[in-house]
Amino acid sequence: QVQLVESGGGSVQAGGSLRLSCAASGFTYSTSCMSWFRRAPEKERGWVATIDSDGSAKYADSVKGRFTISRDNAKNTLYLQMNTLKPEDTAVYYCAAGLPWVCRVSEAQSVLNAYNYWGQGTQVTVSS
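Just so it is clear, the structure is predicted and the values come from calculations on it, not from any experiment. (Residues numbered from 1 in each chain as written. Predicted model: local features only at pLDDT ≥ 70, side-chain atom pairs only at ≥ 80, totals over all residues. Heavy atoms only, no water.)

Undergrad: What is the right way to read the packing of aromatic side chains from this model?
TA: The relation between two aromatic rings is expressed through the spacing of the ring centres and the mutual angle of the planes. Applying the stated criterion across every chain yields a total of four aromatic pairs. By the ring-pair criterion, three or more aromatic residues cluster together here, those being Phe37, Tyr115 and Trp118. Geometry around Tyr79 places Arg19 over its ring, the cationic atom sitting 4.0 Å from the centre. The ring centre of Trp118 lies 4.9 Å from the NZ or CZ of Arg45, which sits over that ring. (Phe/Tyr/Trp six-rings, centres within 6.5 Å; stacked < 30°, edge-to-face > 60°. Lys NZ or Arg CZ within 6 Å of the ring centre and 35° of its normal.)

Written out as structure tokens, the structure is:
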């Protein structure tokens, strides 16, 4: 049974930091293309960052320089280190897993339908 379980969300003041985790099981995590998405209130789910199996990463412009995506293939866990948080980062954060090809095609990484598996989400609230 495939599972993606996010954790680490919470409430923080602007300028603070949080580290999200996503524990994966039931599929070949080490070769999967992994991403973080987020859904802010009254907005569509949007792409945050993607990491390939070799550790190469890409970021949305809105989080570049503040967020860092990483993965531990030995622990089947994906991370998102979020620093210098802003109120506009308030959202439910989701991890997603896709086949390796998703990381090979830049246009696919931000497309929800390109991913096979999704977590249930974890809430991040940033107050001003």
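Undergrad: How should I be thinking about the pairing of strand E7 (residues 67–72) in this particular structure?
TA: A regular strand places its side chains on the two faces of the sheet in alternate fashion. Along E7, the buried face is formed by Phe67, Ile69 and Arg71; none of Thr68, Ser70 and Asp72, which line the opposite face, is buried. In this antiparallel pair of consecutive strands, E7 and strand E8 (residues 77–82), the connection spans four residues, and Asn76 shows a positive phi of 55°. (Buried < 20%, exposed > 50% of the residue type's maximum accessible area, 1.4 Å probe, protein only. Helix = DSSP H or I, 4+ residues; strand = E, 2+ residues; numbered from the N terminus. Pairing = 2+ DSSP bridges.)

Undergrad: I'm lost on the sheet that holds E7 in this one. Help?
TA: Hydrogen bonds between backbone atoms are what pair the strands of a sheet, whose relative direction is either parallel or antiparallel. Spatial strand order, E1-E3-E8-E7: four strands in an open sheet with antiparallel pairing. Taken across any chain shown, the strands that pair with only one partner, and hence form the sheet edges, are strand E1 (3–7) and E7. Here the average twist between neighbouring strands, direction ignored, is 15°. Sheet analysis places E7 next to E8, joined by six bridges and oriented antiparallel. Across the sheet, residue Arg71 finds its bridge partner in E8, namely Leu78. (Axes fitted to C-alpha atoms, helices over the stretch in contact; angles between N-to-C directions.)

Undergrad: Would you take a moment to explain the pattern of salt bridges for this structure?
TA: As a working rule, side chains carrying opposite charge can pair if their charged atoms are close by. All chains considered together, the criterion is met by four salt bridges. Between Arg104 and Asp52 there is a salt bridge, and its shortest N-O distance comes to 2.7 Å. Here the residue Arg104 occupies a position in helix H1 (residues 101–104), and Asp52 occupies one in the loop between strand E5 (45–51) and strand E6 (57–59), the gap between them amounting to 52 residues. Residue classification places Arg104 among the exposed residues on the basis of a relative accessible area of 54%. Where Lys64 meets Asp61, a salt bridge forms, and the shortest distance between an N and an O atom there is 3.1 Å. Asp61 shares its class with Lys64; the two are exposed. A single salt-bridge network, built from bridges that share partners, covers Arg38, Arg66 and Asp89. (Salt bridge = Lys/Arg side-chain N within 4 Å of Asp/Glu carboxyl O.)

Undergrad: What is the right way to read the environment of Leu20 from this model?
TA: Among the structural elements, Leu20 can be located in strand E3 (residues 18–25). A relative accessible area of 0% means that Leu20 is categorised as buried. Leaving out residues up to four positions away in the same chain, Leu20 has contacts with Ser7, Gly8, Gly9, Trp36, Leu78, Tyr79, Leu80, Met82, Tyr93, Thr122 and Val124. (Contact = heavy atoms within 4.5 Å.)

Undergrad: Got a minute to help me understand a nonpolar patch on the surface in this structure?
TA: On the surface, Leu99, Trp101 and Val105 cluster together to form a nonpolar patch covering roughly 270 Å² of accessible area. Residue Val105 is classed as partly exposed on the basis of its relative accessible area, which comes to 33%. (Patch = residues over 30% accessible without salt bridge, like charges linked within 9 Å, V, L, I, M, F, W, Y side chains within 5 Å. Areas by Shrake-Rupley, 256 points an atom, 1.4 Å probe, with all protein chains shown as cover.)

Undergrad: What am I meant to see in the state of the cysteines here?
TA: Put plainly, a disulfide is one covalent bond tying together the sulfur atoms of two cysteines. Applying the stated criterion across every chain yields a total of two disulfides. A sulfur-sulfur distance of 2.0 Å marks the disulfide that ties Cys33 to Cys103. The chirality of the disulfide connecting Cys33 with Cys103 is right-handed, given an S-S dihedral of about 80°. Taken as a pair, Cys33 in strand E4 (residues 33–39) and Cys103 in helix H1 lie far apart in primary sequence, 70 residues in all. Per residue, the accessibility class of Cys33 equals that of Cys103, and both read buried. Going through the protein in sequence order and numbering each bonded cysteine, the pairs you get are 1-3, 2-4. (Disulfide = S-S within 2.5 Å.)

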